[in-house]
Amino acid sequence: MNLELLRDRLEAMAALPGMRGCALVDGATGMVWLSAGDAEQLPLAEAATDYWRLCQRQEAFAGLGRVRAQIVIHEHARVTLVRCGEGLLLVTLSHE
């Protein structure tokens, strides 16, 4: 994995209009590997993986298949989680 290339891509994504930050996160642990943009993104990205793990734990969702993406819209921002390779999530924080 080319970490320099990933870092460049995250920084480019974080610089897009409406984006506040983004992070590449371990889906199982919530550990942030790389991030760019707003400093508040780090703890938020780690916590957002709980949404992801909730769907994996709850049998009620099993019939829907594996989760591929989640979008959670809060009053002040949108959190988007997308599968990004095996075991990794791309977590973005953006304006709605």
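Keep in mind that this is a model prediction, so the values were computed, not measured.

## Regarding the overall build of the protein chain
Helix and strand counts for the protein chain stand at 2 helices and 5 strands. Going from the N terminus to the C terminus, the protein chain shows its helices and strands as α-β-β-α-β-β-β. Taking 12 Å as the expected radius of gyration for a compact globule of 96 residues, we find that the protein chain reaches 13 Å, a close match to that expectation. Projected onto its principal axes, the C-alpha coordinates of the protein chain cover approximately 35 × 35 × 20 Å. Here the protein chain holds 96 residues, and the buried ones make up 34% of them. The contacts in the protein chain between residues at least 6 apart in sequence include a share of 42% that link residues at least 24 apart. For the protein chain, the separation between the mean place of its 9 positive charges and that of its 12 negative charges on side chains is 6 Å.

## Section: the pairing of strand 3 (residues 69–73)
By the alternation rule, side chains of strand 3 split into Gln70 and Val72, which are all buried, and Ala69, Ile71 and Ile73, of which none is buried. Here strand 3 runs beside strand 4 (residues 78–83); their pairing, made up of 5 bridges, is antiparallel. When the bridges of strand 4 are listed, Gln70 appears paired with Leu81. Taking the residues that link successive antiparallel strands as the turn, the strand 3-strand 4 hairpin has 4 residues.

## A look at the nonpolar core
Listed in full, the 11 residues of the largest apolar core are Ala23, Val25, Ala45, Ala48, Trp52, Ala77, Val79, Leu81, Leu89, Val91 and Leu93. Put simply, the parts of the chain that give this core at least two residues each are strand 1 (19–26), helix 2 (41–57), strand 4 and strand 5 (88–94). Membership of the second largest hydrophobic core comes to 8 residues, among which are Leu10, Ala14, Cys22 and Leu24.

## Some words on the sheet that holds strand 5
The antiparallel open sheet is built from 5 strands, whose spatial order is 2-1-5-4-3. Only two strands of the sheet have a single neighbouring strand rather than two, namely strand 2 (32–37) and strand 3. For this sheet, the mean angle separating the axes of adjacent strands, direction not counted, is 10 degrees. As defined by bridge partners, strand 4 adjoins strand 5 across 6 bridges and the pair is classed as antiparallel. When the sheet's bridge partners are listed, Leu81 is paired in strand 5 with Val91. Sheet strands in contact with helix 1 (residues 3–14) are strand 1, strand 2 and strand 5, and its direction is about 40 degrees off that of strand 2. Helix 2 contacts strand 1, strand 2, strand 3, strand 4 and strand 5 of the sheet and is inclined by roughly 120 degrees relative to strand 5.

## Structural notes on a nonpolar patch on the surface
A cluster of nonpolar side chains, contributed by Leu54, Phe61 and Leu64, occupies part of the molecular surface with about 290 Å² of accessible area. Mapped onto the elements of the fold, Leu64 is located in the loop between helix 2 and strand 3.

Basis of the calculations
- Residues numbered from 1 in each chain as written.
- Predicted model: local features only at pLDDT ≥ 70, side-chain atom pairs only at ≥ 80, totals over all residues.
- Heavy atoms only, no water.
- Helix = DSSP H or I, 4+ residues; strand = E, 2+ residues; numbered from the N terminus.
- Rg over C-alpha atoms; globule rule 2.2 N^0.38 Å.
- Buried < 20%, exposed > 50% of the residue type's maximum accessible area, 1.4 Å probe, protein only.
- Contact = heavy atoms within 4.5 Å.
- Lys, Arg positive; Asp, Glu negative; His and termini not counted.
- Charge placed at Lys NZ, Arg CZ, Asp CG, Glu CD.
- Pairing = 2+ DSSP bridges.
- Core = buried A, V, L, I, M, F, W, Y, C linked by side-chain atoms within 4.5 Å.
- Axes fitted to C-alpha atoms, helices over the stretch in contact; angles between N-to-C directions.
- Patch = residues over 30% accessible without salt bridge, like charges linked within 9 Å, V, L, I, M, F, W, Y side chains within 5 Å.
- Areas by Shrake-Rupley, 256 points an atom, 1.4 Å probe, with all protein chains shown as cover.
- Salt bridge = Lys/Arg side-chain N within 4 Å of Asp/Glu carboxyl O.

Any functional reading would require information that these geometric values do not contain.
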